[in-house]
Amino acid sequence: EDGIVLGLIIMEQAANYSSPSSVLPGYQAQLNEDGVRHSEEKLNASANDLMDLKDEGGEPIITNRNILHLQPCTRHEETVGYRCKCTFQIITDESVEGECAGVLKYAMRSQHQVIPLQSTAFDIANARIQQVMSKLICTLNEDIARGTQNFCDIRINLTSSTFVSSWDERQCIVTLHYSAPFQCVHKWKEQAEVLIDECSLIDIELNVCFIGRSKGVKIIATGKGEEPTDCDINVSDEIWVRGERIKYEKPEGAFQHPNPRVMYHALEWILDCVENIKKQTEHCSERPVRLLEMYSGCGAHTMVMGNKMIGAFNKIVAVELDKRLADSCIHNCILNGVEDIVRVIQGDAGEYARKCVAKKTNDESW
């Protein structure tokens, strides 16, 4: 209403830290100055576009510019053990001969080259993913070394793996990708159930499931011998922000923030901006304070800004193009009790924003 831009934030890793042993070129814990400069240019260009917006009378809509905040990491611990989503190629280790020939390794690409990891884990991944990926590859390689066929359907045509954990690391979803159709769906699921058990991946503190994907076919194994009732597996999270409990459910495979630490920093920064909005609107309490959130995703920021205790908005319109994410945002609004404040629109955020500026939208909630 008052032309306030909440701002845009960049988080980068600090320079002058040694790279962990399993980290590949391009993933070292160092400041990428070209990347930062490129991001600054893009963000400032977006800011200029916002500043150019005019109302019907030709007056600027945005009058207060608070646009870029660069916050480097200051401790070595912040540069490792943080990613909650990682994808790796799975290759055959050509250097191993004899009875152990054919053992598998994780690999990543750097400058169009496949580079094997020198470890069964990945230092940048969080502790839970490191635990799961290490146990997975070691168990498959033990099967190969012993000459048994306990997990042959898991290994055949396996090309890559994706590990996704919840921010609190209590849940981990492992998706295995294949280059050819499954030879037997029942056998794959049966072996995956045994694999979860042999890797000791199910306990009170951890919920793990395996998903196999190949040529449009999706198989789910939960380690509990049960058939999932939903064709989609969700990553469930619960965080505390300024004394308020915020709950999320995010579709597996959809975008989610890969760095919880940055996520917390961003939420705190956003809430500081919200505090400023509260102060600026105290004198005109009869005027509704409304927010148009573009590209809202599953509502990672929306749920916090819509919270009645720490938010400052009478109405939020959250726009997201991806239908799965938009549906997830609606569900998360119900989970957090903010459905009376947040209206979720599934559509093109840029187009919706232009309609709002032109006052051509028929959305009564806005």
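Relevant structure appears above.
Criteria and thresholds
Residues numbered from 1 in each chain as written. Predicted model: local features only at pLDDT ≥ 70, side-chain atom pairs only at ≥ 80, totals over all residues. Heavy atoms only, no water. Helix = DSSP H or I, 4+ residues; strand = E, 2+ residues; numbered from the N terminus. Buried < 20%, exposed > 50% of the residue type's maximum accessible area, 1.4 Å probe, protein only. Contact = heavy atoms within 4.5 Å. Areas by Shrake-Rupley, 256 points an atom, 1.4 Å probe, with all protein chains shown as cover. Phe/Tyr/Trp six-rings, centres within 6.5 Å; stacked < 30°, edge-to-face > 60°. Pairing = 2+ DSSP bridges. Axes fitted to C-alpha atoms, helices over the stretch in contact; angles between N-to-C directions. Core = buried A, V, L, I, M, F, W, Y, C linked by side-chain atoms within 4.5 Å.

## As for the overall build of the chain
Move 1: Each helix and strand counted, the chain has 8 helices and 14 strands in total.
Move 2: For the chain, with 366 residues in total, the buried portion stands at 45%.
Move 3: Contacts spanning at least 24 positions in sequence make up 68% of the contacts within the chain whose residues lie at least 6 apart.
Move 4: Carbon together with sulfur atoms contributes 49% to the accessible area of the chain, which is approximately 19,100 Å² in total.

## Some remarks on the packing of aromatic side chains
Where two aromatic rings form a pair, the distance of their centres and the angle of their planes describe that pair.
Move 1: Inspection of the entire model under this criterion finds 7 aromatic pairs.
Move 2: Chaining the aromatic ring pairs together yields one cluster made of Phe88, Tyr106, Phe122 and Phe163.

## Some points on the sheet that holds strand S9 (residues 217-221)
Move 1: Reading across the sheet, the 7 strands line up as S5-S4-S3-S6-S7-S8-S9 and stay open at both edges, with mixed pairing between neighbours. Looking at the sheet topology across the chains shown, the edges are occupied by strand S5 (113-116) and S9. For this sheet the average axis-to-axis angle between neighbouring strands, irrespective of direction, equals 30 degrees.
Move 2: Of the pairings in the sheet, the one linking strand S3 (residues 85-92) to strand S6 (residues 158-165) comprises 5 bridges and is antiparallel in character. What sits directly across from Cys86, in S6, is Phe163.
Move 3: Relative to the sheet, helix H2 (residues 127-146) contacts S3, strand S4 (104-110), S6, strand S7 (171-178) and strand S8 (207-214), its axis offset from that of S4 by approximately 130 degrees.
Move 4: Sheet strands touched by helix H4 (residues 185-198): S7, S8 and S9. Its angle to S9, the strand with the most contacts, is close to 35 degrees.

## As for the environment of Glu142
Move 1: Relative to the helices and strands, Glu142 resides in helix H2.
Move 2: Put simply, Glu142 and Val103 are 39 residues apart on the chain and 8.5 Å apart in space, counted from C-alpha to C-alpha.

## A few points about the nonpolar core
Soluble globular proteins tend to pack their nonpolar side chains together in the buried interior.
Move 1: Ranked by internal contacts, the top residues of the largest apolar core, which has 38 residues, are Trp188 and Phe210.
Move 2: Residue assignment for this core shows that the elements contributing at least two residues are S3, S4, H2, S6, S7, H4, S8 and S9.
Move 3: At 7 residues, the largest contribution of residues to this core is made by H2.
Move 4: Counting residues in each nonpolar core, the second largest holds 32 residues, with Trp167, Met303, Ala312 and Cys329 among its members.

## Considerations on unusual backbone geometry
Move 1: The phi angle at Asn157 is positive, at roughly 65 degrees, despite the residue not being glycine.
Move 2: With respect to the helices and strands, the residue Asn157 is situated in the loop between helix H3 (152-155) and S6.
Move 3: The partly exposed category is assigned to Asn157, whose relative accessible area is 32%.

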